[in-house]
Structure formats: structure tokens, C-alpha cells
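# Descriptive analysis of the structure
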Amino acid sequence: MGESCRAAANAPDSVRVTNPQGQGAYVLTCDHASNFLPPEFGTLGLAEGELARHIAWDPGALPVARRMAEMLDAVLVETCVSRLVLDCNRALDAPGLIPAVSETTAIPGNATLTAAEREARIARCWRPFHDAVEAVIEDRLARGQECRLVSVHSFTPVYKGLTRPWQVGIIHDDDERLAAPLIAMLERAGGFSVGVNQPYSPADGVYFTLEKHARARGLACAMIEIRNDEIG
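Cut-offs applied
- Residues numbered from 1 in each chain as written.
- Predicted model: local features only at pLDDT ≥ 70, side-chain atom pairs only at ≥ 80, totals over all residues.
- Heavy atoms only, no water.
- Helix = DSSP H or I, 4+ residues; strand = E, 2+ residues; numbered from the N terminus.
- Rg over C-alpha atoms; globule rule 2.2 N^0.38 Å.
- Buried < 20%, exposed > 50% of the residue type's maximum accessible area, 1.4 Å probe, protein only.
- Bend = angle between axes of the 7 residues up to and from the residue.
- Salt bridge = Lys/Arg side-chain N within 4 Å of Asp/Glu carboxyl O.
- Core = buried A, V, L, I, M, F, W, Y, C linked by side-chain atoms within 4.5 Å.
- Contact = heavy atoms within 4.5 Å.
- Pairing = 2+ DSSP bridges.
- Right-handed = clockwise from strand over helix to strand, strands pointing away.

Now for the overall build of the protein chain. Within the protein chain, the regular secondary structure consists of four helices and 12 strands. The C-alpha atoms of the protein chain give a radius of gyration of 17 Å, which matches the 17 Å a tight globule of 232 residues would have. Each principal axis of the C-alpha distribution contributes one length, and for the protein chain these read about 45 × 45 × 30 Å. Relative to its 232 residues, the protein chain shows a buried fraction of 52%.

The following block contains the structure:
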């Protein structure tokens, strides 16, 4: 599977595009693929062990997305920087774009950013990722190639003290072209709990990448969330 890095000159290794000429119908995104902190950010004031937690990334989501891309001959666009630096699956005006607190953990390095520092992070992470997704989709549409967008994530078994019973969640809005057959297939398979717009829904602001790139173009889309203790 071919692989290339697509990043602005001032934002090396911010995004990776794998299998850009994939012939399948799907484009996959993994918006929280990495817990990597570039050296200029240090540890953002966190103990090193904190960076292994879900606050820094979606553990297991990238291997799942890569396996899906192989099976489907799909394009995969993944982030290469921790969402603690900037969450690419958020609008630029979203409160959680650069979180000062993630779940219940304060992020000291994000507490007192200047406007210039904020814009530098947007240029470093957000723009390269969304420019890459945009370029992939526009290239496919220009060639008349079918294009469906699926975002792959993982979630924690417990969040703020609440246990989450679902093992996989399918997140969607009123476009159910992908979500409905996915949900039906998972429910027919049996043996595990399927969350429909659980543990998140578009109302939580987690649907941004799909809204920006798929819904704005009328493309079928859905988000897959897998409980991270199930992925291993």
C-alpha cells in the first residue's frame, strides 16, 4: 500500500495519507491516530504516563483503520500529532479545539495560549489534515470515483466515572445511508452491545470532519467508535 506524507512546509509530519490512489469506494479518516508531541511542545506540562491515556489519542484506532484500508482498498488520512496539541475533529471556534482540560485532567501547556500561539497550532495541525482530506476527496470526485467517508475512533470503557456498556458505536446524523446497514449488520452478528449515537452523537461536536468534508458535499458518511479495551 503506497504511503505519503502531505503537510505544509511549516508543519512536517502533521498528517499522513496512505494508499492515495485506492480504488475502493471509501475514504477513511483517523482524526486521533497519534499521541506524539512534537519537541517544541515538550510534554505540555503533563507527566509522561498521561500521554498513553485516551486524553492524548484514540488507542487502537489507527491499527483498525489501517486494516480497514487494506481490506477495502481505501484511502486513509491520519493525524500524526496528539489531539492535546490540537483536536483536528473540532471546528476552529470549538471550545475543545485546544483543550485546557481533557476529561478531568488539566493541560498546563494549553492554559494561557496567545492568539499567535493558537494560530501556529492551527497551521501546524488543523490545516494540513483538512487540506489533505479535501485534496483526496476532490481528486476522487474529479475522476468520477465513488466516495464515501468513514471516521474511525476508539472510546474509553469508563468516562468521568460512568461505565460505558457499548462495545462499538455507530455515530450518524439524519443521513443513514452508511449507518443503517452498519447497525443492522452488527446487530445481526449478535454477541455484543451496539450503541447508536453512543457514547457520542453529532450534538457533542464530534462529527466535525464528516460534516465539513462529506455532508457539505452530499457524500454518505458515518463514524465508527470501538471501545478501546476490545481492540487488543
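Right, let's talk about helix α2 (residues 115-142) for a bit. The principal kink in α2, of about 40°, is found at Ala123. Gly144 occupies a position one or two residues after α2 and carries a positive phi of about 75°.

Next up on the list: the pattern of salt bridges. Under the criterion given, the structure shown has 18 salt bridges. In this structure, Arg83 and Asp58 form a salt bridge, with 3.1 Å as the shortest nitrogen-oxygen distance. Residue Arg83 is found in the loop between β4 (75-79) and β5 (101-102), and its partner Asp58 is found in the loop between β3 (26-30) and α1 (61-72); the two are separated by 25 residues along the sequence. Accessibility classification places Arg83 together with Asp58 in one group, the buried group. Residue Arg217 pairs with Glu138 through a salt bridge whose shortest N-O separation is 2.8 Å.

Now for the nonpolar core. Across soluble globular proteins, nonpolar side chains have a tendency to be buried as a group. Core analysis: the biggest nonpolar cluster contains 42 residues, and Leu44, Val77, Leu84, Val85, Leu86 and Leu149 have the highest contact counts within it. Of all the secondary-structure elements, those providing two or more residues to this core are β2 (15-18), β4, α2, β7 (148-155), α4 (208-213) and β12 (221-227). Ranked by the residues each element gives to this core, the list is headed by α2, at eight residues. With residues near it in sequence (within four places) discarded, Val77 still touches Val15, Arg16, Val17, Leu28, Thr29, Cys30, Phe129, Ala132, Val133 and Val136. If you look at the next biggest cluster of nonpolar residues, it comprises 26 residues, including Leu76, Val150, Val168 and Ile170.

Looking at where Pro95 falls in the secondary structure, it is placed in the loop between β4 and β5. Distance in space between the C-alpha atoms of Pro95 and Gly205 is 9.9 Å, their sequence separation being 110 residues.

To continue, consider the pairing of strand β10 (residues 168-171). Because side chains alternate across β10, one face comprises the buried residues Val168 and Ile170, and the other comprises Gly169 and Ile171, equally buried. Where β10 and strand β11 (residues 194-196) come together, three bridges link them in parallel fashion. Bridge pairing in β11 places Ile170 opposite Val196. Taken together, β10, helix α3 (residues 179-189) and β11 constitute a β-α-β crossover, and its handedness is right-handed.

Within the element layout of this structure, Glu176 appears in the loop between β10 and α3. As for Glu176 and Ala220, which are separated by 44 residues in sequence, their C-alpha atoms are 7.9 Å apart.

Backbone geometry follows two general trends: most residues other than glycine have a negative phi, and most peptide bonds adopt the trans configuration. Residue Pro199 follows Gln198 across a cis peptide bond; omega there is 5°. For Pro199, the location among the structural elements is in the loop between β11 and α4. With phi around 50°, Asp73 is a residue other than glycine that occupies positive phi space. Structurally, Asp73 is set in the loop between α1 and β4. In the Ramachandran plot, Lys160 falls in the positive-phi region, its phi being about 50° despite a non-glycine side chain. Mapped onto the secondary structure, Lys160 falls in the loop between β8 (158-159) and β9 (162-163).

Bear in mind that shape data such as this cannot, by itself, settle questions of function.
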